[in-house]
Amino acid sequence: MTKNTTAEKIREFLERKQQLGTMGGEKMVRKQREQGKMTARERLDLLFDKGTFQEVQLFVKHRSTLFGLGEKEINADGVITGFGQVNGRVVFAAAQDFTSAGGSLGEMHARKIWKVMDMAVDAKKPFVALNDSGGARIQEGISALNGYSGIFYRNSIASGYIPQISAMMGPTAGGAVYSPALTDWIFMVKGISYMYITGPDVVKAVIAEEVSHEELGGPMAHAEKSGVCHFVSENDEECLRQIRLLLSYLPDSCHSPLPIAPCSDRADRECPELDTIIPDRSNRGYDMKKVISAVADNGELFEPHQFWAKNIVVAFIRIMGRPMGVIANNPGFGAGVLDVNASDKAARFIRFCDAFNIPLLTFTDLPGYMPGTRQEWAGIIRHGAKMLHAYSEATVTKITVVVRKAYGGGYIAMCDKGLGADYVMAWPSAEIAVMGSEGACNIVYRREIAEAEDPAAKRAELAASYEAQFNNPYFAAGLGIIDEIILPRETRMRVVAILDAFKDKKQIRLSKKHNNIPL
Ligand code: HXC
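Residues numbered from 1 in each chain as written. Predicted model: local features only at pLDDT ≥ 70, side-chain atom pairs only at ≥ 80, totals over all residues. Heavy atoms only, no water.

Caption draft 1: Expanded view of the overall build of the protein. Scanning the protein from terminus to terminus reveals 20 helices and 16 strands. Of the accessible surface of the protein, which amounts to about 24100 Å², a share of 54% is contributed by carbon and sulfur atoms. Separation of charge centres in the protein, based on 61 positive and 61 negative side chains, amounts to 5 Å. (Helix = DSSP H or I, 4+ residues; strand = E, 2+ residues; numbered from the N terminus. Areas by Shrake-Rupley, 256 points an atom, 1.4 Å probe, with all protein chains shown as cover. Lys, Arg positive; Asp, Glu negative; His and termini not counted. Charge placed at Lys NZ, Arg CZ, Asp CG, Glu CD.)

This is the structure we're talking about:
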């Protein structure tokens, strides 16, 4: 009812606002908590710096009348949108409210998300989606689907322009999984989130396979097996803390400066532990993450895709406060070999960093690409090509350190000089060759070995001479393919100096519509 005096109007406004703030009501909020989930508003309070979240379009209502919706009030239409500050920087967000009609997405719910995404693009600030929804609002039919496609469109157009992050904090089924898939980063929370195209019931009906929600699309399924999920959290709080941490490494947009953090580490710090990290026997593994953390400011690294394709590590670090993306083979897993998944993981990370002007640091130690029918038939040619493409098109500063093995296509794929590395260093332990010495001799000296009195001894003798020629950094350095051979302990100080020297690097590529990366 319309009020007359200003005081009455203000009271009415506050009452309406208060009512909308109750979300799906006490019972539904209790149910949400019983499931170990926070409400959308509590999540936003934790995502943003205290008291900075500003809600927009709170009063939006759905306008559907079918299947009983005409009489149904859905507070805020099941999604809370707005902006606030994260670590003192503006970020836009949408948080679905499962307590209101299951956070289901109808026309107006979608329009609220469109609006806040458009604002994020116009303001050139990151966008975070906290997803907790039963999917398309069934009563609204095609309007709901249209809502999703408008989100997918915006995700795609904003890609590479502003960072986009999705946190899965509840169920996500069907086509609803594709907005997260189109964003840069996906977080999942143990025990409460799952993502799949079709749920266990449909799977059973169609292909007679029995599988639980968790096995099919839980956080670990996507973190370890599919690679869909980049970060797994124990609970809502941890997830929101991790999102804040990730944002601290990212610029607001592709046109914004990198966030430089205060740095208490030294530019000339030596890393003596790196002089002894490479085992004497070259077929032994070691933990590449120790190399990365030795070089990083204060030993800190933030690692997406920790559980997937462990043969390669990607991580954000800081060097003198400046964010940097690291790509490193991990000889501790499968000798650090490149396979389909490792190539995808690295290529996507390289492209993200380049899109947002984050310089790249590559550590090379790999025997090459993984041979065999499984990898060939899975398309290692197509997937491996993604890394070549991603490194080549990247215009950020690219620094490569050949730590140990750099063989054949693997040497190139880890950003050699030819792919545009600005500066390539090698440790004295580097082995840079077309292939391993025994394999090389089996091909080049096949006849000599076969005709020798003692073929094994002959092979060993020839392999030793091949190794002396190629399995070291000196031949490559002699050709200028390696810019500098350094002591391992000097790695951090060299990276600091090179990054600083190249800080004004600007490379212009051919004018065209867009690249055609092998997908
Ligand atoms: C409308 C929905 C809804 C939906 C949930 N609700 N999902 N309303 N459309 N998609 C409502 C419920 O009716 C209920 O309303 C309230 O939200 C809470 O739901 P519950 O079922 O009580 O919650 P819970 O027991 O926790 O189960 C959660 C759930 C279940 C497993 C997610 O709700 C569910 O199966 N929902 C449907 C999931 C689904 O099939 N979605 C796919 C839609 S197709 P009341 O009024 O009783 O409180 C799709 C395609 C998108 O998304 C394509 C994009 C390209």
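Now that the structure is up, let's keep going.
Caption draft 2: Region of interest: the pattern of salt bridges. The tally for this structure, following the rule as stated, stands at 32 salt bridges. Residue Arg244 is joined to Asp49 by a salt bridge in which the shortest nitrogen-to-oxygen separation is 2.9 Å. In this pair, Arg244 sits in helix 10 (residues 236-249) while Asp49 sits in the loop between helix 3 (40-47) and strand 1 (54-56), placing the two residues 195 residues apart along the sequence. Asp49 carries the same exposure label as Arg244, and that label is buried. (Salt bridge = Lys/Arg side-chain N within 4 Å of Asp/Glu carboxyl O. Buried < 20%, exposed > 50% of the residue type's maximum accessible area, 1.4 Å probe, protein only.)

Caption draft 3: Region of interest: the nonpolar core. Core analysis: the largest hydrophobic core is formed by 68 residues, its most contacted members being Trp185, Ile243, Phe316 and Ile327. For this core, the leading source of residues is helix 12 (residues 340-355), giving 7 residues. Listed in part, the 30 residues of the second largest apolar core include Leu274, Val295, Ala328 and Leu361. (Core = buried A, V, L, I, M, F, W, Y, C linked by side-chain atoms within 4.5 Å.)

Caption draft 4: Up close: the site of the ligand. Surveying the vicinity of the ligand reveals 22 residues, the closest of which are Lys72, Gly102, Gly134, Ala136 and Ile138. Measuring from an oxygen atom of the ligand, one finds a side-chain N or O atom of Lys31 at 3.1 Å. Lys72 is positioned such that a nitrogen or oxygen atom in its side chain is 2.9 Å from an oxygen atom of the ligand. When isolated, the ligand has an accessible area of 1000 Å², and the protein chains bury 57% of it. Those elements giving two or more residues to the shell around the ligand turn out to be helix 2 (26-34), helix 5 (142-158) and strand 6 (171-173). The element best represented in the shell around the ligand is helix 5, accounting for 3 residues. (Near = heavy atom within 4 Å. Polar contact = N/O pair within 3.5 Å; in protein donor to acceptor, adjacent residues only side chain to side chain.)

Caption draft 5: Expanded view of the state of the cysteines. For the structure on display, the rule yields 0 disulfides. Its sulfur unpaired, Cys229 is 9.1 Å from the next cysteine sulfur, which belongs to Cys239. As a non-bridged cysteine, Cys263 has Cys271 as the owner of its nearest cysteine sulfur, 13 Å distant. (Disulfide = S-S within 2.5 Å.)

Caption draft 6: Structural view of the packing of aromatic side chains. Using the criterion set out here, one finds 17 aromatic pairs in the structure. Ring pairing ties together the aromatic residues Trp185, Phe187, Phe231, Tyr249, Phe302, Phe316, Phe349, Phe352 and Phe356, which thus form one cluster. Directly above the ring of Tyr249 sits Arg318, whose terminal nitrogen or CZ lies 4.3 Å from the centroid. (Phe/Tyr/Trp six-rings, centres within 6.5 Å; stacked < 30°, edge-to-face > 60°. Lys NZ or Arg CZ within 6 Å of the ring centre and 35° of its normal.)

Caption draft 7: Here's a closer look at helix 14 (residues 380-393). For helix 14, built from 14 residues, the straight-helix expectation of 20 Å at 1.5 Å per residue is met to within 8% by its first-to-last C-alpha distance of 20 Å. For helix 14, the complete set of buried residues consists of Ile380, His383, Gly384, Lys386, Met387, His389, Ala390, Tyr391 and Glu393. (Expected span 1.5 Å × (residues − 1).)

Caption draft 8: Looking closely at the pairing of strand 7 (residues 185-189). Judged by how many residues are buried, strand 7 sits mostly within the fold: 5 of 5 residues are covered. Alternating positions in strand 7 separate into two faces, Trp185, Phe187 and Val189 on one and Ile186 and Met188 on the other, with burial throughout. Note: strand 5 (residues 164-168) against strand 7, 4 bridges, orientation parallel. The residue of strand 7 that forms the bridge with Ala167 is Phe187. In the sheet, strand 7 pairs with strand 9 (residues 231-233) via 3 bridges, with the strands oriented parallel. Each residue of the ladder has a partner; that of Met188, found in strand 9, is Val232. (Pairing = 2+ DSSP bridges.)

Caption draft 9: How the structure looks around the sheet that holds strand 3 (residues 89-96). Across the sheet, 7 strands lie side by side as 1-2-3-4-5-7-9; this open sheet has mixed pairing. Each having just a single partner strand, strand 1 and strand 9 make up the two edges of the open sheet. In this sheet, adjacent strand axes meet at a mean angle of 20 degrees when their direction is disregarded. Pairing geometry for strand 3 and strand 4 (residues 127-131), over 4 bridges, is parallel. From the neighbouring strand, Ala93 faces strand 4, where its bridge partner is Val128. (Axes fitted to C-alpha atoms, helices over the stretch in contact; angles between N-to-C directions.)

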